[in-house]
Amino acid sequence: GTGTGTGTGTGTGTGTGTSAGQIALLVKLLAQAPTPEEAHTLQDRLETLRAAHLSPTTQLLVRRAEKDLTSEKPDDAVDDMGDALALQPDQAILWRSRAQMRLVAGNLHGAVADLGEALMRDGDDAQSWSLLASVEERLNDGPAALKAWQKAIALNPMLDRTHKRSESLRIKAFGQPT
């Protein structure tokens, strides 16, 4: 009886710590995932954990933003994500989501700024690094794109098993090898 009571108490008390611990473990597993399928499964689990602390109101705003995006209203989506961030600015996943929407809206510098905020809060998020690589590439900053991509594939090597993307970014950063 006592054991169960303690277990529940601890579970409730360290909700954040536990999910942070789970995230850290999954990040380690993702870096060693032997197959793209396993990497995908781990990435999905990470995404669920990263969104676990979003309040119902924040979740509603995120869903509205995603709907705006599918209705081809990226500026409204960015506004909705701004509202979500006003409620929970500590949530890295919200910064990454707004960065994606800013990219669609054509605000590349805003996307870079949001990804900086996301990565400051969660530097082990391969998706944020991968998105940063895409935005930097669109900004024609080859060296920054390559550096971000190298961070992404260090966290999730299955993103670039054939090394095609790494090679393409290396050429954009440093030119054709002679």
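Calculation notes
Residues numbered from 1 in each chain as written. Predicted model: local features only at pLDDT ≥ 70, side-chain atom pairs only at ≥ 80, totals over all residues. Heavy atoms only, no water. Helix = DSSP H or I, 4+ residues; strand = E, 2+ residues; numbered from the N terminus. Buried < 20%, exposed > 50% of the residue type's maximum accessible area, 1.4 Å probe, protein only. Contact = heavy atoms within 4.5 Å. Areas by Shrake-Rupley, 256 points an atom, 1.4 Å probe, with all protein chains shown as cover. pLDDT = per-residue confidence, 0-100. Salt bridge = Lys/Arg side-chain N within 4 Å of Asp/Glu carboxyl O.

(A) Seen up close, the overall build of the protein. In terms of regular secondary structure, the protein is built from 10 helices and zero strands. Counting every position in the protein, which comprises 178 residues, the buried fraction comes to 39%. Counted over contacts in the protein with a minimum sequence separation of 6, partners at least 24 positions apart contribute 52%. When the accessible surface of the protein is summed, it comes to about 9,900 Å², and 55% of that surface belongs to carbon and sulfur atoms.

(B) Structural view of the side chain of Asn156. Positionally, Asn156 belongs in the loop between α9 (142-155) and α10 (164-174). Apart from the residues lying within four places of it in its own chain, the contact partners of Asn156 are Leu30, Ala39, Gln43 and Ala126.

(C) Just the confidence of the model for the protein, in detail. Of all residues in the protein, 90% attain a pLDDT of 70 or more, and the chain-wide mean is 90. Of all helices and strands in the protein, the one with the weakest mean pLDDT is helix α1 (residues 2-13) (32), whereas helix α7 (residues 108-121) scores best (98). In this model, residues 1-16 is a region of pLDDT below 50 whose contacts with residues beyond four sequence positions or in other chains number two contacts.

(D) Molecular detail of the pattern of salt bridges. What the rule picks out here adds up to 11 salt bridges. A salt bridge links Glu47 to Arg96, with the shortest nitrogen-to-oxygen separation between them at 2.9 Å. With Glu47 in helix α3 (residues 36-50) and Arg96 in helix α6 (residues 92-105), this pair connects stretches of sequence that are 49 residues apart. Where Asp122 meets Arg50, a salt bridge forms, and the shortest distance between an N and an O atom there is 2.5 Å. With a gap of 72 residues between them, Asp122 in the loop between α7 and α8 (126-138) and Arg50 in helix α3 connect regions that are remote in the sequence. Classification of Asp122 by relative accessible area gives buried; the value is 14%. Of the residues examined, Arg50 reaches a relative accessible area of 6% and is grouped as buried. Here the residues in one salt-bridge network are Glu47, Arg50, Arg96, Asp122 and Asp125, joined through shared partners.

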